[in-house]
Amino acid sequence: MNFILSGIQWTGNFLFLAVVLGTLIVSWVYAHRLRERHGADFPWNKAAGIVGIEVLLWIAFNVFLEFFKAYWLPIALIAVIVIAVILSRKKKRRYV
């Protein structure tokens, strides 16, 4: 199970890296075009905020996955029980 979770973590880290680098590259290209065509400044503070949020989500993903790797069996059992309870509930029929 640890092998599967490590693969998921590696894939998630790669995707987060691609998103952060993509955001930086697109921001740089857009800033260059904005300055070239309109002589305007790019709002780097907003881009930095977006990249900061992406990095915080990346860190949270890794913390959650490390916690899940350590306690995967109890978490999986609780999740199965919760899903079974949710699916077994009967919906009330309301007549208008």
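Above this text is the structure in question.
This write-up is about the structure you can find in this document. Since the model is a prediction, treat every value here as computed from it, not as a measurement. (Residues numbered from 1 in each chain as written. Predicted model: local features only at pLDDT ≥ 70, side-chain atom pairs only at ≥ 80, totals over all residues. Heavy atoms only, no water.)

### Side note on the overall build of the chain
Phase 1 of the analysis: Counting secondary structure elements, the chain contains three helices and zero strands.
Phase 2 of the analysis: Reading the chain from its N end, one meets helices and strands in the order α-α-α.
Phase 3 of the analysis: Expected size for 96 residues packed as a compact globule is a radius of gyration near 12 Å; at 22 Å, the chain overshoots this value by more than 25%.
Phase 4 of the analysis: Once the C-alpha set of the chain is aligned to its principal axes, its extents read approximately 60 × 50 × 15 Å.
Phase 5 of the analysis: Across the 96 residues of the chain, 17% fall into the buried class.
Phase 6 of the analysis: Accessible surface computed for the chain: about 8300 Å², of which carbon and sulfur atoms make up 72%. (Helix = DSSP H or I, 4+ residues; strand = E, 2+ residues; numbered from the N terminus. Rg over C-alpha atoms; globule rule 2.2 N^0.38 Å. Buried < 20%, exposed > 50% of the residue type's maximum accessible area, 1.4 Å probe, protein only. Areas by Shrake-Rupley, 256 points an atom, 1.4 Å probe, with all protein chains shown as cover.)

### Some words on the packing of aromatic side chains
Phase 1 of the analysis: Applying the stated rule across the entire model yields seven aromatic pairs.
Phase 2 of the analysis: For the pair F42 and W44, a centre-to-centre distance of 4.8 Å together with 70 degrees between the ring planes defines the contact as edge-to-face.
Phase 3 of the analysis: Taking 6.1 Å as the distance between ring centres and 25 degrees as the angle between the ring planes, the aromatic pair formed by F64 and F68 counts as stacked. Of this pair, F64 and F68 both sit in helix α2 (residues 44–70), four residues apart, which is roughly one turn of the helix.
Phase 4 of the analysis: Chaining the aromatic ring pairs together yields one cluster made of F16, W58 and F61. (Phe/Tyr/Trp six-rings, centres within 6.5 Å; stacked < 30°, edge-to-face > 60°.)

### Brief notes about a nonpolar patch on the surface
Phase 1 of the analysis: Taken together, the side chains of M1, F3, I4, I8, W72, L73 and L77 make up a nonpolar region of the molecular surface, amounting to roughly 750 Å² of accessible area.
Phase 2 of the analysis: At the level of elements, α1 (2–38) and α3 (72–88) are the ones that each hand at least two residues to the nonpolar patch.
Phase 3 of the analysis: By secondary structure assignment, the location of F3 is in helix α1.
Phase 4 of the analysis: With a relative accessible area of 74%, F3 lands in the exposed category. (Patch = residues over 30% accessible without salt bridge, like charges linked within 9 Å, V, L, I, M, F, W, Y side chains within 5 Å. Salt bridge = Lys/Arg side-chain N within 4 Å of Asp/Glu carboxyl O.)

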